[in-house]
Amino acid sequence: MSQQVRAIETRASIIRGAAAAFEQRGYGSTSLAQVSSAAGVTKGALYFHFDSKEALAVAIIDAQHVASAAAGQKLLDDNYPGLHALVSMSYELARQLRDDLVVSAGVRLTIEAVNFSTPVAGPYLDWMVACEEFLRRGIASGDVNPALDVGAAAHFCTAAFTGVQVVSDVLTKRADIDHRLTEMWAMLLPALVAPGRWEDLKDLPERIRRERAGL
């Protein structure tokens, strides 16, 4: 194994171990000694790749954002109908939060990163841009109300999802997140759907949830 490949694998191992430690204890209560133990590396190896706890946390946030953004980009590239893509993306993010420790830790760290010296607003801003694109496509296809303020709606959808997943995590460790998302969309869809399209789209979230669950 080359030194470069070994370094890449060590860095990935550190990120996974740190994600487990941060997800369990939170940023403020996790020490680098606990990270090195969870990752199975020496402190020297950890400091070779990351010069501070904040740098490591930002790396986890970046890894989380890459994984989540890839799913959103696939929906854009595959030309899913805009409203369908927007709702599907929320359920895919919920799945990642349940199943991918790096994603779960990255989202937690993003919320806890208020006092980081490195700005971490990028993931939120990128998701607002993606939501705007989904909504514009929905307008173009006739599913979304053309009078909608897509900027305000994208901001609110991002904030609503953030709140839903946080409360779901606190109350049930996200065991109920799909159900709570379906409730969220039941509240939001009447403000998004174009006149005349409600009967066709009112059960869209439940249909997508069941499709993803193989029901």
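Above: the structure in question.
Analysis parameters
Residues numbered from 1 in each chain as written. Predicted model: local features only at pLDDT ≥ 70, side-chain atom pairs only at ≥ 80, totals over all residues. Heavy atoms only, no water. Helix = DSSP H or I, 4+ residues; strand = E, 2+ residues; numbered from the N terminus. Buried < 20%, exposed > 50% of the residue type's maximum accessible area, 1.4 Å probe, protein only. Contact = heavy atoms within 4.5 Å. Phe/Tyr/Trp six-rings, centres within 6.5 Å; stacked < 30°, edge-to-face > 60°. Lys NZ or Arg CZ within 6 Å of the ring centre and 35° of its normal.

> Describe the environment of G26, listing the residues and the values that go with them.
Summarising the element assignment, G26 is placed in the loop between α1 (3–25) and α2 (32–39). On the basis of relative accessibility, which here comes to 2%, the residue G26 falls in the buried class. G26 sits 42 residues away from S68 along the chain, and the two C-alpha atoms are 21 Å apart. Ignoring any residue separated from it by four or fewer positions in sequence, one finds G26 in contact with A21, R108 and E112.

> A description of unusual backbone geometry should follow, citing residues and the corresponding values.
Backbone geometry places K173, a non-glycine residue, at a positive phi of 55°. Tracing the chain through its elements places K173 in the loop between α8 (150–172) and α9 (177–192). Take K173: its relative accessible area is 70%, and that puts it in the exposed class. Phi at R174 takes a positive value of approximately 70°, unusual for a residue other than glycine. With respect to the element layout, R174 can be found in the loop between α8 and α9.

> Give me the lowdown on the packing of aromatic side chains, citing residues and values where you can.
Counted according to the given criterion, the structure contains two aromatic pairs. Centroid distance Y27 to F116: 4.7 Å. Interplanar angle 55°. Geometry classified as tilted. Of this pair, Y27 sits in the loop between α1 and α2 while F116 sits in the loop between α6 (101–112) and α7 (122–141), placing them 89 residues apart in sequence. What links up through ring pairs into an aromatic cluster is the set F22, Y27 and F116. Just above the ring of Y27 sits the side chain of K53; from NZ or CZ to the centre is 4.4 Å.

It is worth stressing that arrangement in space is one thing and function is another; only the former is reported here.
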